[in-house]
Amino acid sequence: MGRAGLAGIVAFAVGLTTVLSLLLGNNPALFGDQPGSEELARRLALPGDVLLRLLVIVIALSIVIGIVNLLYIHIGRLTRGKFYSAVLLASFAFTIFWLTVNRGDTSLLEAVQVPIESALAALLFLSLALGGARVMQKRADIWGLLFVAVVLSVLLGSLPLAELAPVRAFSAWLLAVPVSAGARAILLGIALGTIVVGVRAVLGLDRSYRG
Amino acid sequence: MDDTTLQVYSVVFVAITVVLVYTARYFQARRWRQRQLDGMKRIPQWITQSIESSRPLHLSFGNAGVGGDNTPVALAEAEFFHQVVRRAESCDMSPVVSLSAPTSLPLGQDVLRRAWLKGGALSRAQWYPPDLAYASAISALMADDEPAAHIMAGSFGAELALMLDSAARRGQPSLAVSDRLDGQAVAFAQADHVLIGEELFAAPGSSSQDGGGHGDAAVLDVWRALIISGATILLMLEFSKRLPLLSWPLVAIGVAILLLLGIFTVWRR
């Protein structure tokens, strides 16, 4: 058996164990009123709990790997004379130094990170407004027109003006019926896709197991 | 619905999906004509531009990572990116794969390792901190690496607007799709090309010659058709209760007409 086959078997075993453990565990009602059904349900839930805890540890470790990757990439860029990479590396070194000297002090976060993120959030608003304005350039069709009409109706409906009461009612209907239905349809499609890909991964049919 | 019933339904649903996946893969879905995804039509052209101009493609997972709710999104996009990287292999520069979920870093590197057979591209999988920090880092990447095009398929929020705006200002074309509604709305408004909803998962099959990918797309279509049919029938039944003019035969005729319309639409595609 090749490495790919072994990986597929491990993936299948772990995936099936987790799925069954999550579906059947912690629900004694599934096994009727027989004595020991609670203990059985608790035992069935155990493998899922253990595997999920292992996952949390792996995720925590992967953050360290991500930071190492970030530094590696920017050290490489620094050698190509990229100024912003020097800023990033200097900021990283200074933050580590600051946290080492002033243990638990979050003033650097509050003084630098929060204002920068706030500025970016404000910029994001402008980008969104600009994007909305550009829709008709990119999609000069019925769907683009509908998109702009809905956005305008909702924006107008949110204004606190008595004259716009009919628009407000129309906007509320839009949000409650067609927008809600569309959003549910999109989420339903994504949920279906999630299940199909999940099944493929659990069955070991995913490309990443093929070596 | 109590927990037990829900769990039983879940098991039945998953079991049916398993049967459908195996059946579709057994027949390799060769006879199944997959739906054309409009958003995908430009990808071959972008790959050609990337090869001719020696500029990399930028492939982005966003915040889709292994281990979270969007694990299947990350897996599906890894498959999609694999197909794109395979096709772009003649380019001098390997594509850049960016992501903001550290758990998908091995996935991104795996895509480059398997599909970029020239090797030496592992450092082109790049992690950046999530959300606004990621958006600003990608904007900087757009200026530094000048990618030929951006394929942003994964999990994005409203911060996608910053990236797409930056790409548009630099004249770099983009395809975007997100499993989050806010990101999807931004993608529709600002990306040059867009995929919507389950097209996120149908994209790998659409970009490959692999029968397995087509099979997964076929399973998606079967489930979708079943759900639409079920919803239509339930809707008509609900109407029949409220409107005394509607009788059972009329409901049946209405359902039949709607289903025929659906089949006709699929056939036309």
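This text gives an overview of the structure that appears in the document. What you see is a predicted model, and the numbers here were worked out from it, not measured in a lab.

Reading guide: rules and limits
Residues numbered from 1 in each chain as written. Chains lettered and ligands numbered in written order. Predicted model: local features only at pLDDT ≥ 70, side-chain atom pairs only at ≥ 80, totals over all residues. Heavy atoms only, no water. Axes fitted to C-alpha atoms, helices over the stretch in contact; angles between N-to-C directions. Helix = DSSP H or I, 4+ residues; strand = E, 2+ residues; numbered from the N terminus. Parallel < 35°, antiparallel > 145°, perpendicular 65-115°, else oblique. Left-handed = near helix turned anticlockwise from the far one by under 90°. Contact = heavy atoms within 4.5 Å. Nonpolar A, V, L, I, M, F, W, Y, C, P; charged D, E, K, R; others polar. Buried < 20%, exposed > 50% of the residue type's maximum accessible area, 1.4 Å probe, protein only. Salt bridge = Lys/Arg side-chain N within 4 Å of Asp/Glu carboxyl O. Pairing = 2+ DSSP bridges. Right-handed = clockwise from strand over helix to strand, strands pointing away. Phe/Tyr/Trp six-rings, centres within 6.5 Å; stacked < 30°, edge-to-face > 60°.

**Brief notes about the packing of helix α2 (residues 43-53) of chain B against helix α3 (residues 71-87) of chain B**
Residue and element names in this part refer to chain B. Where α2 contacts α3, the axes come no closer than 10 Å and their chain directions differ by 45°. Accordingly, the angle class assigned to the pair α2 and α3 is oblique. Taken as a pair, α2 and α3 cross one another with a handedness that is right-handed. Contacts from I43, P44, I47 and I51 of α2 reach α3 at F80, V84 and R87. Across the contact of α2 with α3, the residue classes tally to six nonpolar, no polar and one charged.

**Side note on helix α6 (residues 160-169) of chain B**
The buried fraction of α6(B) amounts to eight of the 10 residues, a majority that puts the element mostly inside the structure. Buried residues along α6(B) sit in contact with α4 (107-138) of chain A together with α5 (132-145), β4 (149-155), β5 (174-178) and α7 (181-190) of chain B. G171(B) sits one or two residues past α6(B) and shows a positive phi near 70°.

**Some points on the pattern of salt bridges**
Counting across every chain of the model gives 10 salt bridges over all chains. D144(B) is the partner of K82(A) in a salt bridge, and the nearest nitrogen-oxygen pair spans 3.9 Å. Here the residue K82(A) occupies a position in the loop between α2 (37-79) and α3 (83-101), and D144(B) occupies one in helix α5, the pair thus bridging two chains. For K82(A), a relative accessible area of 24% puts it in the partly exposed group. Between E198(B) and R224(B) there is a salt bridge, with its nearest N and O atoms 3.2 Å apart. Here E198(B), found in the loop between β6 (193-194) and α8 (199-206), pairs with R224(B), found in helix α9 (residues 211-242); they are 26 residues apart in sequence, far enough to count as distant. Judged by its relative accessible area of 9%, E198(B) is buried. One continuous salt-bridge network, built from bridges that share partners, spans R77(A), K82(A), D144(B) and D145(B).

**Digging into the pairing of β5(B)**
Put simply, side chains in a regular strand alternate between the two faces of the sheet. Residue and element names in this part refer to chain B. Summarising burial for β5: five of the five residues are buried, a large majority. The two faces of β5 match: S174, A176 and S178 on one face and L175 and V177 on the other face are all buried. Bridge count for β4 against β5 is five bridges, and the pairing is parallel. Residue pairing for β5: H150 is matched across the bridge by S174. With α6 bridging β4 and its parallel neighbour β5, the resulting β-α-β unit is right-handed. The pairing of β5 with β6 spans two bridges and is classified as parallel. When the bridges of β6 are listed, A176 appears paired with V194. Read as a crossover between parallel neighbours, the route from β5 over α7 to β6 is right-handed.

**A look at α8(B)**
Helical geometry: 3.6 residues make up each α-helical turn, so side chains three or four residues apart lie on a common side. In terms of burial, α8(B) is a largely internal element, seven of the eight residues being buried. Every buried residue belonging to α8(B) is among E199(B), L200(B), F201(B), A202(B), A203(B), P204(B) and G205(B), and all of these are buried.

**Observations regarding the packing of aromatic side chains**
Residue and element names in this part refer to chain B. Using the criterion set out here, one finds six aromatic pairs over all chains in the structure. With a centroid separation of 5.0 Å and an interplanar angle of 80°, the aromatic rings of F61 and F81 are classed as edge-to-face. Taken as a pair, F61 in strand β1 (residues 57-62) and F81 in helix α3 lie far apart in primary sequence, 20 residues in all. Across the pair, exposure class does not vary: F61 and F81 are buried alike. Following the ring pairs from residue to residue traces out a cluster consisting of F61, F80 and F81.

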